[in-house]
Amino acid sequence: MNTEPTLATQFSTLADSNLWRGIAPALHLGNAQLAAAAGRPIDFDAAAIRSVNADLLREGYLQLPPLEWGIDVAHLAKGVSAVVAAGYLPAFIFMYDEPWFMYARLRALIAGMLDQRYMMLPAFWAWHVDGVREGAGWQPHRDLGFRTLLPDRRPKSMTCWIPLTAATPHNGCMYMLPADRDPYYGTPRDHESNIDLQNIRAIPSEAGGLLAWTQAVFHWGARARSPVISPRISMAVEFQRGDQPPFYEPLLDPRQFPDPTTRLRLILRQVLQYQHMYPLSPELR
């Protein structure tokens, strides 16, 4: 008799909220109060929106100091470490409510950068760069390239990256080639690179801050010292304008928390999408 668990059984186990509560008991799954609080976005006035849009048009990215998220960001960072210690990829932190909560609370800002009908793309990830198990952030790249810009260089889509611990040059902070220093930004030649190294900008970031960029900007996560004193723990989610055809499907309502089964399906999709960087065993694939 075959006693190996079926794929359906394994999926059911991973979708079980009790598994994740046991790994990170300080975090939440299906918490009604957190879902209700997510309906109250962080306030950004008109001047702040104008400022970030000016940064996007000029340099292709923006950076904000720590925001009033309404949760303890340190608990979420510890949750990522617990998920990794349990043998899962950091992206499984999206089984919990807190990541969805934080991005839902950015609604006023993201709408101001995209449009009021913006949607969340089924594209996200998390990192635990400790210089050992994960030695660096992602290599230099553009997310989707020049096709994600409107003719006036406003973004059709964006990536919003939140550091859950301080990101420094020692633990792999983000680096950017500002759009106004990039001769290929927003052009069909953006697969080329001819970089003046003095134009590269390190972006150290405080825990709980925000770094967002157009999906045409050239960027990467640095290699960390080995080992680091404090790992660079972070997460990112992609969004797009609501008046544009989907870059990926299904588009998600940024105000809603997906149920556990949907969360797991989305996470497993990311795991498959990024298996060239995080190799999977044939069985797991």
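Below you will find a few notes about this structure.

### Observations regarding the environment of Phe247
Moving on, step 1. Relative to the helices and strands, Phe247 resides in the loop between strand E8 (232–240) and helix H8 (260–273).
Moving on, step 2. Take Phe247: its relative accessible area is 17%, and that puts it in the buried class.
Moving on, step 3. Along the sequence, Phe247 and Ser157 sit 90 residues apart, while their C-alpha atoms lie 8.5 Å from each other.
Moving on, step 4. Those residues in contact with Phe247 that sit more than four places away from it in its chain are Leu121, Leu144, Arg147, Thr148, Lys156, Ser157 and Gln240.

### Digging into H8
An α-helix turns once every 3.6 residues. As a result, residues three or four positions apart point the same way.
Moving on, step 1. Taking 1.5 Å per residue, 14 residues should reach 20 Å; H8 reaches 20 Å between its end C-alpha atoms and fits that length.
Moving on, step 2. Among all positions of H8, only Arg263, Leu264, Leu266, Ile267, Gln270 and Val271 are buried. Around the axis of H8, the buried residues are gathered within 165° of arc, so they sit on the same side.
Moving on, step 3. With a side-chain oxygen lying 3.0 Å from the backbone nitrogen of Thr261, the N-terminal cap of H8 falls on Asp259.

### Topic: the pairing of strand E4 (residues 174–177)
Moving on, step 1. On E4, burial covers both faces: Met174 and Met176 on one face and Tyr175 and Leu177 on the other are all buried.
Moving on, step 2. When E4 meets strand E5 (residues 201–203), the two strands line up antiparallel, connected through three bridges. By the bridge assignment for E5, Met176 is matched with Arg201.
Moving on, step 3. Two strands pair when backbone bridges link them, and E4 and strand E7 (residues 218–221) are joined in this way by four bridges, in the antiparallel orientation. Bridge pairing in E7 links Met176 to His219.

Rules used throughout
- Residues numbered from 1 in each chain as written.
- Predicted model: local features only at pLDDT ≥ 70, side-chain atom pairs only at ≥ 80, totals over all residues.
- Heavy atoms only, no water.
- Helix = DSSP H or I, 4+ residues; strand = E, 2+ residues; numbered from the N terminus.
- Buried < 20%, exposed > 50% of the residue type's maximum accessible area, 1.4 Å probe, protein only.
- Contact = heavy atoms within 4.5 Å.
- Expected span 1.5 Å × (residues − 1).
- Arc of directions from axis to C-beta.
- Polar contact = N/O pair within 3.5 Å; in protein donor to acceptor, adjacent residues only side chain to side chain.
- Pairing = 2+ DSSP bridges.

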